[in-house]
Amino acid sequence: MNQTEIIDVVRQSIIITMQISAPVMLIGLVVGVIVALFQALTQIQEMTLVFVPKILAIFVALFALLPFMTNTLIAFTRELMDRVVGIQ
């Protein structure tokens, strides 16, 4: 394996990591902003109010996006194993 192939594999792994984590992170961000707006509008300054909706939304997102994440990782792993087998 030369440097170009190694850089390509690292680049692909970073892109795959971003593709897998971005939807869950964006859902957490949106829920956090909505709860923060709700707190600002109602002047409820309870610290624990932010965590419960965010945790529930992230768990639901993980459950809903698990097939996409699994398929993406399986495809990347197969491609990586094909490259490893091709090295001689």
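All of these numbers come straight from a predicted model, not from anything done at the bench. (Residues numbered from 1 in each chain as written. Predicted model: local features only at pLDDT ≥ 70, side-chain atom pairs only at ≥ 80, totals over all residues. Heavy atoms only, no water.)

Engineer: Explain the pattern of salt bridges here, please?
Structural biologist: Think of it this way: side chains of opposite charge can pair up when their charged atoms draw near. Counted under the stated rule, the structure contains three salt bridges. Between R83 and D8 there is a salt bridge; the shortest N-O distance is 2.7 Å. Residue R83 is located in helix α2 (residues 51–86), and its partner D8 is located in helix α1 (residues 3–42); the two are separated by 75 residues in the primary sequence. Three or more residues are tied together by salt bridges with common partners; here these are D8, R11, E79 and R83. (Salt bridge = Lys/Arg side-chain N within 4 Å of Asp/Glu carboxyl O. Helix = DSSP H or I, 4+ residues; strand = E, 2+ residues; numbered from the N terminus.)

Engineer: Where do I start with α1 in this structure?
Structural biologist: Given 3.6 residues to a turn, an α-helix orients residues that are three or four positions apart in the same direction. With 40 residues, α1 should reach 58 Å at 1.5 Å per residue; the first-to-last C-alpha distance of 56 Å fits that figure. At A22, α1 is bent by approximately 35°, the largest bend along its length, and proline P23 sits one to four residues beyond. Burial in α1 covers these residues: D8, V9, Q12, I16, I20, V24, G28, V31, G32, V35 and Q39. In the core, the buried residues of α1 are packed alongside α2. Q43 occupies a position one or two residues after α1 and carries a positive phi of about 60°. (Expected span 1.5 Å × (residues − 1). Bend = angle between axes of the 7 residues up to and from the residue. Buried < 20%, exposed > 50% of the residue type's maximum accessible area, 1.4 Å probe, protein only. Contact = heavy atoms within 4.5 Å.)

Engineer: Any chance you could explain the environment of G32 here in plain terms?
Structural biologist: Examined against the element boundaries, G32 turns out to sit in helix α1. Note on G32: relative accessible area 16%, which makes it buried. Note: C-alpha distance between G32 and K54 (22 residues apart in sequence) is 6.3 Å.

Engineer: Is there a simple way to explain the nonpolar core in this structure?
Structural biologist: Counting residues in each nonpolar core, the largest one holds five residues, listed as I16, I20, V24, M69 and F76. At three residues, α1 tops the list of elements feeding residues into this core. The residues touching F76, leaving out its near neighbours within four places in the chain, are V9, Q12, S13 and I16. (Core = buried A, V, L, I, M, F, W, Y, C linked by side-chain atoms within 4.5 Å.)

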